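Letter by letter, the chains look like this.
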Amino acid sequence: MRRLSLSNRLALLFAACTAVVSLFAGVLFSRASEAHFIELDQQLLDGKLIGLRRALHDIQSSESKAKLADELSRQADLSLRITGSDGQRWYDSASNLPKELPQKPGLSTVNDDGTDYRVLNAPLYLDKPDSPQLTLLLDITHHQHFLQRMQHLIWLTVGLSALATALLGAWAARSGLRPLRRMSAVASGVSAQSLNARLPEENMPPELAEMAHNFNAMLGRLDDSFQRLSAFSADIAHELRTPLSNLLTHTQVTLTRPRELEDYREALHSNLEELQWMAQLVNDMLYLAKADHGLLMPKCEPLELAEEADLLLEFFAPLAEDAQVTLTRDGSGHIEGDRNMLRRALSNLLDNALRFTPANGEVRLRIVDQPKGLSLTVENSGDGISEDLLPRLFDRFYRADPARQEGSSEHAGLGLAITQSIIRAHGGQIRCKSESGWTRFVIELPKGD
Amino acid sequence: MKLLIVEDQAKTGHYLRQGLTEAGFNTELVADGSTGQQLALTGDYALLILDVMLPGRDGWQILQAVRGAGLDTPVLFLTARDAVEDRVHGLELGADDYLVKPFAFSELLARVRSLLRRGSATPQETCLQLADLRLDLIRRRVERSDQRIDLTAKEFALLEMLLRRQGEVLPKSLIASQVWDMNFDSDTNVIEVAIRRLRLKIDDEFPNKLIHTVRGMGYVLEERDA
């Protein structure tokens, strides 16, 4: 089923509202006028009843007939029927009166053969139980005509006003929704090549300004991610090209002529190193891809961070001693998280810190336990990283050290990106600061309940 | 000791069998799940190496059938998929270990040996020895040629592992996992440094070296003719 457009919906809604309101007003008015007519008729008939009772006070006397005729002649649209207590019809003032009339006392309305009557039944003598019945009939056809015309008018008003508001509503909605169409036009123009299109936020109505802002922000994020993704794919190809080309060349050269056994062994060993490097790269990239797809699901184990940190420090102790770097831990804290993932994240930071700390330098792992969360800082003394490189540190394949930039170094430059993915999977954040001879990686982890 | 490999990729299967056979195992290879299951259910095997994706019956189904038949043969899964739920699924069904492709053969071999060793209870040893190297587990002392050698706790643990698995090539990842309990891929060279420092104490002063690097694969402790 095709869904109605927003402007059509609004137009229909307006029309329905107007129709309901005008219908309600019309019905109310028509009811009120009808009630008013009934009240008038009641008053009139009550007056007549008194006159008639007086005229018929002595029903046997001959002058009562004259009085009756006189009384009836004063009101041309009034007729009278007198019925005996036994139900026998005694008298009809006109010949065309309806045959059957309601018997109940009081006022009622009767339609007979195109003529409407207001009928009032009352006993002639109030004090006698078997008194003859007087039935006064007032011809109210013109009232009913008026009411009918009124009703037609009401329906016409309902129809016309609904139509008018529908048209006006449609127009208003269309012009009100123009910014949305502009938004849609921009959206339809967006493709991977033109992620830089933006909506003008200034001349949007306030209700849509926020949406336009969010829309622009979304485009911005998409643009950014897309840039990174394309850079990532290009980088993968580039990173793999160097070891692949080494493998190809080395293997082909080795096979060009017969060689000593030792040469073959050497060639295979060299190939093995390239292959291991590539396997590590692929595994790291798969890990990152999993993180990107939200498939990195950390377990929730209670962790004593001081203990974990000491284990890591013990692990890195040979490396630190070798590099003549002091490796210390400070503070403690408790958190729920995935042991192996957090160890991996911290080990990347420690490994990184140890590599960039000059001899006799210092690497510190600080844990600060706060009520809301926990911060882990890995800091190392040394030259530091220049300000403009900081935002790029966590990019994949980014290497701060230009000497390591070209392929085949032992590190592919995915370590920090993996650390960041792990921290994010734990709902935390990581940033890097570099000031006064210290480089600090600060991890902030939220605490569960 | 017979091993069963169920792997449908011909090349992978062939190299696995060659590698394991050369490592001294009696190995049988089948390429489809149904045959694999029939063989596995005979109970003649000391270890099953199963690929997850197989024609006929997949690795998990085979594992279920084996466990259903009351066999507790150790099972090692090989898979190209590394979704966490896969891993959990496999371990829930009773798999003993899990390796994700691409893996290093040395890693596979080390794990196969661990799994096979798990079943047989080794007698409680008090002393490990290779050539003139002695490691006293009770007094936590290490001697070589009757010369006392001081080791840190982790160096002791590392040497103990090398001694217990002498002759086996131990990949770096396994060493990191067993000695330091670091169970993740890491490109750090901590293990190289740790081995180098251990060598400095164990091997450097002695003519016949015991710790050897197997290039691209790991380290091995064994006596070699000079």
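Residues numbered from 1 in each chain as written. Chains lettered and ligands numbered in written order. Predicted model: local features only at pLDDT ≥ 70, side-chain atom pairs only at ≥ 80, totals over all residues.

When helices and strands are counted, chain A shows nine helices and twelve strands. Among the 449 residues that make up chain A, the fraction classed as buried is 22%. Across chain A, every contact between residues at least 6 apart in sequence was considered, and the portion connecting residues at least 24 apart equals 64%. (Helix = DSSP H or I, 4+ residues; strand = E, 2+ residues; numbered from the N terminus. Buried ≥ 20, exposed ≤ 12 C-beta atoms within 10 Å, placed from the backbone. Contact = placed C-beta atoms within 7 Å.)

Regarding its fold elements, chain B presents eight helices and eleven strands. The 226 residues of chain B split such that 34% are buried. Contacts spanning at least 24 positions in sequence make up 55% of the contacts within chain B whose residues lie at least 6 apart.

Residues and elements named next belong to chain B. Strand order in the open sheet formed by four strands is E6-E7-E8-E9, with antiparallel pairing between adjacent strands. Each of the sheet's edge strands pairs with one partner strand only, and the pair in question is strand E6 (127-130) and strand E9 (147-149). For this sheet, the mean inter-axis angle between neighbouring strands, taken without regard to orientation, is 20 degrees. Where strand E8 (residues 141-144) lies against E9, three bridges are found, and the strand directions are antiparallel. Residue arginine 144 lies in a different strand from E9, and its bridge partner there is glutamine 147. Contacts between helix H6 (residues 153-164) and the sheet are confined to E6, strand E7 (133-136) and E8, with E6 contributing the most and set at about 65 degrees to the helix. (Pairing = 2+ DSSP bridges. Axes fitted to C-alpha atoms, helices over the stretch in contact; angles between N-to-C directions.)

Listed by partner, the interface residues are 22 residues for chain B and 25 residues for chain A. The biggest single contributor to the side of chain B that touches chain A is helix H8 (residues 190-202) of chain B, with four residues. Its residues assigned to classes, the side of chain B that touches chain A shows ten nonpolar, five polar and seven charged. (Nonpolar A, V, L, I, M, F, W, Y, C, P; charged D, E, K, R; others polar.)

For helix H1 (residues 10-22) of chain B, with 13 residues, the first-to-last C-alpha span of 18 Å sits near the 18 Å given by 1.5 Å per residue. After H1 of chain B finishes, the residue glycine 24 of chain B shows a positive phi value of roughly 100 degrees. (Expected span 1.5 Å × (residues − 1).)

Moving on, we get to the nonpolar core. Phe316 and Leu350 of chain A together with Ile49 and Leu50 of chain B are the most contacted members of the largest nonpolar core, which totals 91 residues. No other element matches helix H8 (residues 339-356) of chain A, which puts eight residues into this core. Phenylalanine 316 of chain A has contacts with Leu327, Leu350 and Leu354 of chain A together with Val190 of chain B, leaving out every residue within four places of it along the chain. Of all hydrophobic cores here, the second largest spans 14 residues; its members include Leu45, Leu52, Ala55 and Leu80 of chain A. (Core = buried A, V, L, I, M, F, W, Y, C linked by C-beta atoms within 7 Å.)

Residue and element names in this part refer to chain B. In this structure, the amide linkage connecting lysine 101 to the following residue, proline 102, adopts the cis form with an omega of 0 degrees. In this model, serine 145 sits at a positive phi of 50 degrees, which is unusual for a non-glycine residue. Topologically, serine 145 is positioned in the loop between E8 and E9.

Turning our eyes to something else, we now look at the confidence of the model for chain B. Residue and element names in this part refer to chain B. Summarising the model, chain B shows a mean pLDDT of 87, and 94% of its residues fall at 70 or more. The least confident element of chain B is helix H4 (residues 84-92), whose mean pLDDT is 69; the most confident is strand E2 (residues 26-30), at 93. Prediction confidence for the complex, expressed as pTM and ipTM, is 0.64 and 0.80 respectively. (pLDDT = per-residue confidence, 0-100.)

Our focus in this paragraph is the packing of helix H1 (residues 6-55) of chain A against helix H2 (residues 63-73) of chain A. All names here are of chain A. Between H1 and H2, the shortest axis-to-axis distance is 8 Å and the interhelical angle comes to 160 degrees. The angle between H1 and H2 falls in the class roughly antiparallel. As for how H1 packs across H2, the hand of that crossing is right-handed. Residue-level inspection shows Gly51, Leu52 and Ala55 of H1 in contact with H2, the latter providing Ser64, Lys67, Leu68 and Glu71. Looking at the contact of H1 with H2 residue by residue, the classes come out as three nonpolar, two polar and two charged. (Parallel < 35°, antiparallel > 145°, perpendicular 65-115°, else oblique. Left-handed = near helix turned anticlockwise from the far one by under 90°.)

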